[in-house]
Amino acid sequence: MSAREACVPMNPLNYLPSFPLPPNPVLLFGLLLLAGFAGGEVVHRVLRLPRIVGYVLIGLALGASGLGLLGDKLVREAQVFVDIALGLILFDLGRRLDFDWLRRDRWFAATSAAECALTFGCIYFALVYFDVQPLYAAVAAAIGIATSPAVVMLVAQELHAEGQVTERALNLVAINSVVAFVFTTMLLSWIYHEYSAGWVTMLSHPVYLLAGSLLLGYVVSWAAILLGRWLGKREELHFVMLLALIVFAVGFASALKLSVLLALLAFGVMVKNMDENHDLMQVDVIKIGQMFFVVLFVVTGATLHTSDLITGGAIAVVYILARFIGKSVGVLSLAYFSGIRPGSGGLLAIALTPMSGLAIVMVRSTMELYPEFGAKLAAIVLAAALILELVGPVAVQFALTRAGEAREEQA
Amino acid sequence: MTDETLDFKPSSGFSMGVELELQILNSRDYNLARDAADLIGQVEKTRHPGAVKPEITESMIEINTSIHDEYGALAEELKRIRDAVAQAAARMNLRIAGGGSHPFHKWTDRRIYPTERFKRLLEVYGYLAKQFTIFGQHVHIGVPNGDAALYLTHILSRYVPHFIALSASSPFQQGEDTSYQSSRLNTVSAFPLSGQVPFVQSWSEFLEYFNRMRGFGIVESMKDYYWDIRPKPEYGTVEIRVFDTPLTVERAALLAAYSQSLARYILTERPLAPSRDVYALYNYNRFQACRYGLAGQLVDAYTQRRVVIREDILDMIRVIARHAGELGGAAALEQLAAGVAADGSDARWLRESYRSHGSLNDVARMQSELWMGSALVSA
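Residues numbered from 1 in each chain as written. Chains lettered and ligands numbered in written order. Predicted model: local features only at pLDDT ≥ 70, side-chain atom pairs only at ≥ 80, totals over all residues.

Chemist: Talk me through the overall build of chain B; I want residue IDs and the actual numbers.
Modeler: Looking only at helices and strands, chain B features 16 helices and 13 strands. Relative to the globule expectation of 21 Å for 379 residues, the C-alpha radius of gyration of chain B, 20 Å, shows essentially globular dimensions. Each principal axis of the C-alpha distribution contributes one length, and for chain B these read about 55 × 45 × 40 Å. Out of the 379 residues belonging to chain B, those deemed buried represent 51%. A sequence separation of at least 24 residues applies to 77% of the contacts in chain B between residues at least 6 apart. (Helix = DSSP H or I, 4+ residues; strand = E, 2+ residues; numbered from the N terminus. Rg over C-alpha atoms; globule rule 2.2 N^0.38 Å. Buried ≥ 20, exposed ≤ 12 C-beta atoms within 10 Å, placed from the backbone. Contact = placed C-beta atoms within 7 Å.)

Chemist: Explain the overall build of chain A to me, using residue names and the numbers behind them.
Modeler: From N to C terminus, chain A includes 17 helices and zero strands. In summary, chain A has a C-alpha radius of gyration of 23 Å against a globular reference of 22 Å for 411 residues, a match within 12%. By its C-alpha atoms, chain A is 90 × 60 × 55 Å across when sized along the principal axes. The buried share of chain A, taken over its 411 residues, is 51%. In chain A, the proportion of contacts linking residues at least 24 apart, taken out of those at least 6 apart, comes to 81%.

Chemist: Describe the confidence of the model for chain B, listing the residues and the values that go with them.
Modeler: Residue and element names in this part refer to chain B. Considering every residue of chain B, the mean pLDDT works out to 94; 98% of them sit at 70 or more. Summarising per-element confidence for chain B, the mean pLDDT is lowest in helix 16 (residues 375-378) (68) and highest in helix 6 (residues 160-167) (98). Interface confidence for the predicted complex, given as ipTM, is 0.85, next to a pTM of 0.90. (pLDDT = per-residue confidence, 0-100.)

Chemist: With reference to specific residues and values, describe the pairing of strand 5 (residues 136-142) of chain B.
Modeler: Successive residues of a regular strand alternate their side chains across the two faces of the sheet. Residues and elements named next belong to chain B. Taken across its seven residues, strand 5 has seven buried, putting it largely inside the fold. Burial of strand 5 is two-sided: the residues G136, H138, H140 and G142 facing one way and the residues Q137, V139 and I141 facing the other way are all buried. Pairing analysis gives five bridges linking strand 1 (residues 16-26) to strand 5, with the strands arranged antiparallel. Within strand 5, the position partnered with E19 by the bridge is H138. Sheet topology note: the strand 5/strand 11 (residues 237-244) ladder contains six bridges and is antiparallel. (Pairing = 2+ DSSP bridges.)

Chemist: Describe the interface of chain A and chain B, listing the residues and the values that go with them.
Modeler: Listed by partner, the interface residues are 17 residues for chain A and 20 residues for chain B. If you list the elements that add at least two residues to the side of chain A that touches chain B, you get helix 5 (99-104) and helix 9 (164-194) of chain A. Across the side of chain A that touches chain B, the residue classes break down as two nonpolar, six polar and nine charged. (Nonpolar A, V, L, I, M, F, W, Y, C, P; charged D, E, K, R; others polar.)

Chemist: So what about unusual backbone geometry? Which residues, and what values?
Modeler: All names here are of chain B. For N93, which is not a glycine, the phi torsion comes out positive at approximately 60°. Inspection of the secondary structure assignment puts N93 in the loop between helix 2 (71-91) and strand 4 (94-97). Positive phi outside glycine occurs at Q304, with the angle close to 60°. If you trace the backbone, Q304 turns up in the loop between strand 12 (297-299) and strand 13 (306-308).

Chemist: Report on the environment of N31 of chain B, specifying residues and quantitative values.
Modeler: The topology assignment puts N31 of chain B in the loop between strand 1 and helix 1 (36-44). Discounting chain neighbours no more than four positions away, the residues touching N31 of chain B are L25, N26 and H105 of chain B.

Chemist: Any details on the nonpolar core? Residues and values, ideally.
Modeler: In terms of nonpolar packing, the biggest core is built from 135 residues, with A85, A140, L264, V295, A351 and V381 of chain A touching the most fellow members. Top element by residues in this core is helix 17 (residues 371-402) of chain A. It accounts for 15 residues. Discounting residues that sit within four places of it in the chain, V295 of chain A has contacts with F29, L32, L33, G36, A78, F81, V82 and A85 of chain A. Within the second largest apolar cluster, 104 residues are counted, among which are A36, I61, I81 and V85 of chain B. (Core = buried A, V, L, I, M, F, W, Y, C linked by C-beta atoms within 7 Å.)

Chemist: So what about the pairing of strand 11 of chain B? Which residues, and what values?
Modeler: Along strand 11 of chain B, eight of the eight residues are buried, which leaves the element largely enclosed by surrounding structure. Linking strand 10 (residues 229-232) of chain B back to strand 11 of chain B in an antiparallel pair, the connection comprises four residues, with G236 of chain B at a positive phi of about 70°.

Chemist: Explain helix 9 (residues 249-269) of chain B to me, using residue names and the numbers behind them.
Modeler: Relative to the 30 Å expected for 21 residues at 1.5 Å per residue, helix 9 of chain B spans 30 Å between its end C-alpha atoms, a close match to the ideal helical length. Where helix 9 of chain B terminates, the next one or two residues include R270 of chain B, which has phi positive at roughly 40°. (Expected span 1.5 Å × (residues − 1).)

Chemist: Tell me what's going on with the environment of S177 of chain A, and back it up with residues and numbers.
Modeler: When you line up the elements, S177 of chain A lands in helix 9. For the pair formed by S177 of chain A and K327 of chain A, sequence separation is 150 residues and the distance between their alpha carbons is 13 Å.

Chemist: Give me the packing of helix 4 (residues 72-96) of chain A against helix 8 (residues 149-158) of chain A: which residues, what numbers.
Modeler: Residues and elements named next belong to chain A. Where helix 4 meets helix 8, the closest approach of the two axes is 10 Å, and the angle between their N-to-C directions is 75°. Taken together, the axis directions place helix 4 and helix 8 in an arrangement best described as roughly perpendicular. Only P149, A150 and M153 of helix 8 make contact with helix 4, whose side of the interface consists of I89, L90, D92 and L93. Classifying every residue of the contact of helix 4 with helix 8 by side-chain character gives six nonpolar, no polar and one charged. (Axes fitted to C-alpha atoms, helices over the stretch in contact; angles between N-to-C directions. Parallel < 35°, antiparallel > 145°, perpendicular 65-115°, else oblique.)

Chemist: A description of the packing of helix 8 of chain A against helix 17 of chain A should follow, citing residues and the corresponding values.
Modeler: Residue and element names in this part refer to chain A. Relative orientation of the contacting elements helix 8 and helix 17 amounts to 45°, with a least axis distance of 9 Å. Put simply, helix 8 runs oblique to helix 17. As helix 8 packs across helix 17, the resulting crossing turns out to be right-handed. In this structure, helix 8 uses V151, V152, V155 and A156 to contact helix 17, whose residues at the interface are G392, P393, V396, Q397 and L400. Across the contact of helix 8 with helix 17, the residue classes break down as seven nonpolar, two polar and no charged. (Left-handed = near helix turned anticlockwise from the far one by under 90°.)

Chemist: Kindly report on helix 5 (residues 146-156) of chain B, identifying the contributing residues and their values.
Modeler: All names here are of chain B. Within helix 5, 10 of the 11 residues are buried, leaving the element largely enclosed by the surrounding structure. Inspection of helix 5 places G146, A148, A149, L150, Y151, L152, T153, H154, I155 and L156 among the buried residues, and these make up the whole buried set. Where helix 5 is buried, its residues meet helix 8 (203-215), strand 10, strand 11, helix 9 and helix 10 (276-292).

Chemist: Residue-level account of the environment of A301 of chain B, with values.
Modeler: Residues and elements named next belong to chain B. With respect to the secondary-structure elements, A301 resides in the loop between strand 12 and strand 13. In this structure A301 comes out as partly exposed when scored by C-beta crowding, with 19 C-beta atoms within 10 Å. In sequence terms A301 and Y159 are 142 residues apart; their C-alpha atoms lie 11 Å from each other. Discounting residues that sit within four places of it in the chain, A301 has contacts with R158, S275, D277, V278 and L281.

This is the structure we're talking about:
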């Protein structure tokens, strides 16, 4: 090809983009945000349901169960936004977990323990009764302990809910998320053993996950406190500093193959409890996260398959009922002794209904490691997750509104 | 409502009772919370003296003592109520604070406590009802009859700047330093039925006035008047309402002891005659106390002289010392005088806390730690 030829433009309009448009993360983010936002608003205005339900429905419509526009590849591209959203939520939830409160109201601490134990017990025995293998039943039950921090937190925020049911629900969620995570991790290492991955892996992997995540949370907490001291009490500076550390911690935890959940929860808990001089200001990181949360739920919806409902539907109903009974009995049995007004124990139990996106993550990662085991687990858990992803936000809205803790004009 | 309620029920001489409006805070950012109903329910599960009641918004509670003759017993009861409320709050992860105003809450966030009376106040007064989320101490002094109540009210009006300066604890409002020592009373002044008792000398004249106002449909009961000092016929007391809630119950008891000794001095020695001049100068003197606290200057209606409020209080404490002694409140007044002489006040403490910590969240936190005391640690 001569130089002269190369100078001749092949196409006078080649500055135009080629079709189909090449994927671009920012474009993807914007589209998911717009679609989710519109869905959330429609659901909220027409059906008076929490916007989250709309985000998830849009996700289902765009995902594999619907139009198939949001496939695995795009979901992976959107993962960065999902991770940031979870990081913000878990950090804020961690800050709300108040050990002093558990110490002062021991019945509340007992409620938390009872709720976790009974949820596990009820699901496990119900599944075993319906002929699910004990190992699957145990992992499914452990995953079921967790309530979705994202759903409870965001519905509470949408309603501007404030009061004992809201505060207690958030504390119980923080605890049951940690318990579920630790328990599931330990059970999974048992599966490693079952599938002969060897003793070393079985023992060292959970230790690496737990200790590593906690250590990361600890280091980042100190960094936040020292930076806060250096910055002085200036809210806008603290805000950017904390956001920076949250995003860093999310990224670093994924890079080190640690648990983002545990690391960010630990960051929140430790930053609150280690800050004895009150150097850090209580900045609201949730408000800024709103746009990430929309994408979080759209993506969650996209990864769920309505076909799971057909394969796992019946057992999922058993699973959901057993889980609800466990949580209700756990909360109600001790409600009288704990500092909570009569009647609100039931509402507290209802507020714990949403199932955690953690469930989906755990099932997926199990499937990657052990396709056969993961597929069996998926049949049980993901159908339940799908149902509760839609029912859960409504349950939380009902509980908080009925408890009189929502702001009037929103109720 | 019938006239019966305005029959003046005689009280034993110089008995006293205290009402304190208190702030309910969350333990995260120390903004106002809205758990009054749950908190009252929780306190009622425990044994405690006095009473705990709701107030106009869900972020407030009021505690009442029983009737006392002596400072010591009053202080003791206040501490026991404080401990009960503080422990219940700690169990619910709430904080309780004194102080006349919350430093940074936004009044638009407040919600009216759902009783008929409070809902009606919201209807009548609109946004003022939510802005009324301010916190005062009321001191009741027992008097033998309605005439004595009016006499005491008129003479105490001369000393209103004392009460304001001694209790001032609302320097911050809505996130700003107001430059006042007590900004709370500015909020009270917005109400149409705030102000002072009419200049009448006998209970029968007062009844005539009251019935005329009721005839116009302006008021239904004495509760509708938000006067700085008002006779309370059904209790047989004169109620001083200009105090900001102090940062501690101990200080609340000291203020009650001062009021009681002053009332005894006024009613037994009858040192002054009621004067319209007091009311002519009233708003100026009241403003001086709100704005500058102990350093403010008041114009004495009787001597026609300008005096610094701090000096005026110290003089008065010397004058009434004998009566304080008779009532068992001598030590209390000495303690109060020492604080005044050192120019100490709750408003100053709050401003210093802000200077040393740099955020109003810290101020609210320290306010609650000061009020709750050991309950936070030991519960």
